[in-house]
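Read off the chains here:
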Amino acid sequence: MSIIKKLSVVWLSSCMALSAWGQEVAIVIHGGAGTILQASMTPEREAEYVTALQAAVQMGYGLLKSGAKGEEAVVAAIQVMETSPLFNAGIGAVYNFEGQHELDASIMHGGTLNAGAVAGVKTIRSPIAAALAVMEQSPHVLLSGKGAEEFAESIGMEPVKNTLFNTERRYKALLKAKERILNANITYGGQQGNERFGTVGAVVLDQYGNLVAGTSTGGMTAKRYGRIGDSPIIGAGTYADNASCAVSATGHGEYFIRYHVAADICSRMKYRNDSLADAANAVVNDVLVKAEGDGGIIAVDAKGNIVAVFNTSGMYRAQIDTQGNMKVGIYEEWITE
Ligand code: ASP
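What this report covers is the structure whose coordinates are included nearby. (Residues numbered from 1 in each chain as written. Predicted model: local features only at pLDDT ≥ 70, side-chain atom pairs only at ≥ 80, totals over all residues. Heavy atoms only, no water.)

Attention now goes to the packing of helix α8 (residues 261-272) against helix α9 (residues 276-291). Two elements in contact, α8 and α9, have axes separated by 8 Å at closest approach and are oriented at 135 degrees. Judged by the angle between their axes, α8 and α9 are oblique. α9 is crossed by α8, and the crossing has right-handed handedness. Touching V261, D264, I265, R268 and M269 of α8 are L276, A279, A280, A282, V283, V287 and L288, all from α9. Grouping the constituent residues of the contact of α8 with α9 by class yields 10 nonpolar, no polar and 2 charged. (Axes fitted to C-alpha atoms, helices over the stretch in contact; angles between N-to-C directions. Helix = DSSP H or I, 4+ residues; strand = E, 2+ residues; numbered from the N terminus. Parallel < 35°, antiparallel > 145°, perpendicular 65-115°, else oblique. Left-handed = near helix turned anticlockwise from the far one by under 90°. Contact = heavy atoms within 4.5 Å. Nonpolar A, V, L, I, M, F, W, Y, C, P; charged D, E, K, R; others polar.)

Structure representation (structure tokens):
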């Protein structure tokens, strides 16, 4: 039995206890979609991703089981990935063309339809925590740049240096992307290579029957200064509505904005009575494929059904369903089934 499988068995037996309130809970997380090939992954690297994904999903699930609200679980799960250099969020975020990190994040509550987001922030340690603060402590939905940073500081979030988010791996990716862009004689790449993936997200059903979704990212490598992707755009990268589902997306943001991907999945359920799986498949594998927009989504509905759908070769992901069963995946097939 592999280490991964052993870990899963231990985990499964420890989650058989009933939730404090009896209501079933579920969580799915992602760590980005893209051209992720087993052939170009070392076993050590793969194990690092699996461990980090398990830590993040278990963090969220543990909180949900103990009666925490969905938004707390979403933030905590995402923060595990924001602090891991493996993912394109917080530490490990990609660089823009100028060599800086501009971070985007959002969160939405499906019960109240309240939402919060920050975009293009450089000095906020945890963009997802700042997005939650915008939702809970401001009358606004989306704050950007300096205004968002000053808001975060005003509510006690200590600013950090932009270099906190630096990693050698992402810097090398920037150099590679810039070379490609300059060779193609274009300013700033709309076309992305393989240097982007790693955006993180979490969606949950909590014990109170609420669906919550959140997403956090550094965006796309070598993006133009000031570019904002889909992740902080409610309806594009993140959406939650108790009447349908909660969605967090990852992929080429411009397409996810134009096709309002997260909201479209929810609308198909709400107005056409599509199942979660049908709605997610139609948007990711039909609408987006026809548009040539690459990426994927995770989603959970009010019954605790969960999906992780992507039109790329891989998507880092993990889930714990209403029965307490955990699965982790990187490529098309789940690893720990
Ligand atoms: N959607 C993100 C963006 O466009 C990037 C990603 O998910 O890989 O900013």
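What follows is about the pairing of strand β9 (residues 295-301). Here β9 lies mainly inside the structure; 7 of its 7 residues are buried. Both faces of β9 are covered, namely the face carrying G295, I297, A299 and D301 and the face carrying G296, I298 and V300. Strand direction decides the pairing type here: strand β8 (residues 245-251) and β9, joined by 7 bridges, are antiparallel. By the bridge assignment for β9, T250 is matched with G296. Pairing analysis gives 5 bridges linking β9 to strand β10 (residues 306-310), with the strands arranged antiparallel. Bridge pairing links I298 to A308 in β10. As consecutive antiparallel partners, β9 and β10 are separated by 4 residues, and within that stretch G304 has a phi angle of approximately 90 degrees, a positive value. (Buried < 20%, exposed > 50% of the residue type's maximum accessible area, 1.4 Å probe, protein only. Pairing = 2+ DSSP bridges.)

Our focus in this paragraph is the site of the ligand. Around the ligand sit 11 residues, and of these T199, R227, D230, T250 and G251 come closest. At 2.8 Å from an oxygen atom of the ligand is found a side-chain nitrogen or oxygen belonging to T199. Here a nitrogen atom of the ligand and a side-chain polar atom of D230 are 2.6 Å apart. For the ligand, whose unbound accessible area comes to 270 Å², protein coverage reaches 100%. (Near = heavy atom within 4 Å. Polar contact = N/O pair within 3.5 Å; in protein donor to acceptor, adjacent residues only side chain to side chain. Areas by Shrake-Rupley, 256 points an atom, 1.4 Å probe, with all protein chains shown as cover.)

Running from amino to carboxyl end, helix α3 (residues 70-82) crosses helix α4 (residues 127-137) at an angle of 155 degrees, the nearest separation of the two axes being 8 Å. Judged on the interaxial angle alone, α4 and α3 are roughly antiparallel. Here α3 contributes E71, V75, I78, Q79 and E82 to the contact with α4, which in turn contributes P127, I128, A129, L132 and E136.

Take the environment of G34 next. Within the secondary structure layout, G34 lies in strand β1 (residues 26-34). Judged by relative accessible area, G34 falls into the buried class, the value being 4%. G34 sits 282 residues away from Y316 along the chain, and the two C-alpha atoms are 9.0 Å apart.

As a further point, take the sheet that holds β9. Strand order in this open sheet of 4 strands is β7-β8-β9-β10, and the pairing throughout is antiparallel. A single partner strand is all that each edge strand has here, and the edge strands are β7 (238-240) and β10. Strand-to-strand twist of the sheet, defined as the mean angle between neighbouring strand axes without regard to direction, takes the value 10 degrees. Note that β7 and β8 share 3 bridges and pair antiparallel. The partner of A240 across the bridge, within β8, is A246. Against the sheet, α8 engages β7, β8 and β9, with an angle of about 145 degrees to β8. Of the strands in this sheet, β8, β9 and β10 are in contact with α9, which crosses β10 at around 15 degrees.

The next point concerns the packing of aromatic side chains. Applying the stated criterion across every chain, the model contains 3 aromatic pairs. With a centroid separation of 5.7 Å and 80 degrees between ring planes, the pair formed by Y49 and F87 is classed as edge-to-face. On the criterion of sequence distance, the pair formed by Y49 in helix α2 (residues 43-65) and F87 in the loop between α3 and β2 (103-109) is long-range, its members being 38 residues apart. Residue Y49 is classed as buried on the basis of its relative accessible area, which comes to 1%. Between the aromatic rings of Y49 and Y316, the centroid separation amounts to 4.1 Å while the plane-to-plane angle is 15 degrees, which identifies the pairing as stacked. Here Y49, found in helix α2, pairs with Y316, found in strand β11 (residues 314-320); they are 267 residues apart in sequence, far enough to count as distant. Given the relative accessible area of 2%, Y316 is considered buried. In textbook terms, an aromatic cluster arises when at least three aromatic residues are bridged by ring pairs, as seen for Y49, F87 and Y316. Of note, K178 hangs over the ring of F97, and the distance from its end group to the ring centre comes to 4.6 Å. Seen from the ring of W334, R317 lies directly overhead, with NZ or CZ sitting 4.4 Å from the centre. (Phe/Tyr/Trp six-rings, centres within 6.5 Å; stacked < 30°, edge-to-face > 60°. Lys NZ or Arg CZ within 6 Å of the ring centre and 35° of its normal.)

What follows covers α3. Under the 1.5 Å per step criterion, the end-to-end length of α3 is 18 Å for 13 residues, consistent within 8% with the ideal 18 Å. Burial within α3 is extensive, with 10 of its 13 residues counted as buried. Looking at α3, one finds that the buried residues are G70, E71, A73, V74, V75, A76, A77, I78, M81 and E82. (Expected span 1.5 Å × (residues − 1).)

This part covers the pattern of salt bridges. Per the stated rule, a full pass over the model turns up 8 salt bridges. Note that E48 is salt-bridged to R45, the shortest N-O span being 4.0 Å. In this pair, E48 and R45 both sit in helix α2, 3 residues apart, roughly one turn of the helix. What makes R45 partly exposed here is its relative accessible area of 26%. For the salt bridge of E149 with K146, the shortest nitrogen-to-oxygen distance reads 3.4 Å. Taken together, the positions of E149 and K146, both in helix α5 (residues 145-154) and 3 residues apart, correspond to about one turn of that helix. Of the residues examined, K146 reaches a relative accessible area of 58% and is grouped as exposed. (Salt bridge = Lys/Arg side-chain N within 4 Å of Asp/Glu carboxyl O.)

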